[in-house]
Amino acid sequence: MENATFGYETSPMNCIIIDDNEVARAAVKHCVEKTPFLTLTGVYTNPIEALEAIKSEKPDLLLLDVEMPEMSGIDFIKTFHDIPQVILITSKKEYAAEAFDFNVTDYILKPVEYPRFLKAVTKAKEMQESLRKETPESNELFIKVTNKFVHLNLNDILVIEALADYVNIYVDKQRYTVLSTMKAIEDKLPKKDFIRVHRSYIVRIDKIKEIDDQIISIADQHIPISRNMKDPVMNALNKL
Amino acid sequence: MTEKNSLSYLYALAEGDMVFVNEILDLMYKNIPADIIAIEEAISANDLKQVKRDAHHMKSSIQYIDDIEMSELLSAMENKNESDIAIVQLKNMLPALKEISAKLMKLIEAEKKKIG
């Protein structure tokens, strides 16, 4: 295999399988075992069972069936804020369009054939490598305020608020107004620490003081959560 | 090796790994009768949603047997829309489902004997 070219030996990709059917699970497991850069860390019969493992073990890739009795694979994806890469595996073509709306990496039809499986996981591997290069490792951000660049430590940011062509960045008692879109600033922030809770708000997860129904309290601010973000927000928290 | 068009997907995926071939054959052999019972029970209970789920499950269970007749029959069950006659139509499909399943069970048995 040409794996050495990609340096797969040094960065394996951890994956889990979620499928309610044992023949399908066995077939996908066989494909994973044939692929040197994949490491299987768990096999689950339903998404609910897999949820805790995804949070604690943080796999790089989910090999996810679409049609399961407890919850469909697509509904499962919707519950996440920072989901790993997903390859959907299903017997029906008609889910493809909806699946790609949720940024899945690829979509494989059953019965799984190894060349197609390898193509999909190679795409996931390449995305992982390129994301690794792009992910901001620095914990700092320089923002342009009037004529100077101001240094911010990402740990100190509480909330980011959209304001037409600008964003307000709240740091303790200070507020900085910067020319930027929400998308541009979101891309500069580590997904594990920040979450978009509303079209107009990004919050730092470890600064959340309280969540009461659809409202987040951070410092003295009350931030709305949009209805479709409630599940991803709740899943991003380390709850007891 | 098996005759063309029946287990060719399975052998292509196995790439010579006979332990895997055996594992899948065993799973299919175990699942086919259980899936039929589940479908039959759901039909008896007039539970169309459950019939559709069970037909889908069976389709996944036998996905590595390339049998068009079975695949079309299960798809018809899975895609059956709610109507007054849906359950009656499903009941009428049962004999064919059992007949094809028996054929597939024989195919698996023969394949397992061949592998040894």
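Residues numbered from 1 in each chain as written. Chains lettered and ligands numbered in written order. Predicted model: local features only at pLDDT ≥ 70, side-chain atom pairs only at ≥ 80, totals over all residues.

Visitor: Whenever I open this one, the interface of chain B and chain A confuses me. Can you help?
Guide: A common way to report how large an interface is uses the accessible area buried once the components associate. Every contact between the two is made by 17 residues of chain B and, on the other side, 14 residues of chain A. Broken down by secondary-structure element, the contributors of at least two residues to the side of chain B that touches chain A are helix H1 (8-14), helix H2 (18-44) and helix H3 (48-61) of chain B. Its residues assigned to classes, the side of chain B that touches chain A comprises 8 nonpolar, 6 polar and 3 charged. (Contact = placed C-beta atoms within 7 Å. Helix = DSSP H or I, 4+ residues; strand = E, 2+ residues; numbered from the N terminus. Nonpolar A, V, L, I, M, F, W, Y, C, P; charged D, E, K, R; others polar.)

Visitor: Sorry if this is basic, but what is going on with the sheet that holds strand E1 (residues 13-18) of chain A here?
Guide: Two pairing modes exist for strands in a sheet, parallel and antiparallel, and in both the strands are linked by backbone hydrogen bonds. Residues and elements named next belong to chain A. Taking strand neighbours across the sheet as the criterion, the 5 strands line up as E2-E1-E3-E4-E5 in an open arrangement whose pairing is parallel. Because the sheet does not close on itself, it has two edges, and the strands there are strand E2 (38-44) and strand E5 (106-109). Averaged over all neighbouring strand pairs, the angle between strand axes comes to 20 degrees, with direction disregarded. Where strand E4 (residues 85-90) lies against E5, 4 bridges are found, and the strand directions are parallel. (Pairing = 2+ DSSP bridges. Axes fitted to C-alpha atoms, helices over the stretch in contact; angles between N-to-C directions.)

Visitor: Sorry, what's going on with the pairing of strand E9 (residues 166-171) of chain A here?
Guide: Regular strands have side chains that alternate between both faces of the sheet. Residues and elements named next belong to chain A. Sheet topology places strand E8 (residues 157-163) next to E9; 6 bridges connect them, and they run antiparallel. Bridge pairing in E9 links Ile160 to Ile169. With antiparallel pairing between neighbouring strands as the criterion, E8 and E9 make up a hairpin whose turn holds 2 residues, including Ala164 at a positive phi of roughly 50 degrees. The pairing of E9 with strand E10 (residues 174-179) spans 6 bridges and is antiparallel. Bridging from a neighbouring strand, Asn168 pairs with Thr177 of E10. Joining the antiparallel neighbours E9 and E10 is a turn of 2 residues, in which Asp172 adopts a positive phi near 50 degrees.

Visitor: Teacher, can you tell me more about the sheet that holds E9 of chain A here?
Guide: Residue and element names in this part refer to chain A. Strand order in the open sheet formed by 5 strands is E10-E9-E8-E12-E11, with antiparallel pairing between adjacent strands. Since the sheet does not close on itself, it has two edges, and those belong to E10 and strand E11 (194-198), each with one partner. Recorded for the sheet is a direction-independent mean angle of 20 degrees between the axes of neighbouring strands.

Visitor: So what exactly am I meant to see when it comes to the nonpolar core here?
Guide: Generally speaking, a soluble globular protein has its nonpolar side chains buried in company with each other. Counting residues in hydrophobic clusters, the biggest one holds 60 residues, and the most contacted among them are Ala27, Leu63 and Ile87 of chain A together with Ile24 and Met28 of chain B. The leading source of residues in this core is H2 of chain B, at 10 residues. Ignoring any residue separated from it by four or fewer positions in sequence, one finds Met28 of chain B in contact with Val23 of chain A together with Ser61, Ile62, Ile65 and Ile108 of chain B. By size, the runner-up hydrophobic cluster in this structure holds 18 residues, among which are Val159, Val167, Ile195 and Val203 of chain A. (Core = buried A, V, L, I, M, F, W, Y, C linked by C-beta atoms within 7 Å. Buried ≥ 20, exposed ≤ 12 C-beta atoms within 10 Å, placed from the backbone.)

Visitor: How should I be thinking about the confidence of the model for chain A in this particular structure?
Guide: In regions of low pLDDT, the predicted coordinates are not meant to be interpreted in detail. Per-residue confidence for chain A gives a mean pLDDT of 86; residues scoring 70 or more make up 94%. Low pLDDT, under 50, characterises residues 1-10 of chain A; the stretch is placed with 10 contacts to residues that sit more than four places away or in other chains. (pLDDT = per-residue confidence, 0-100.)

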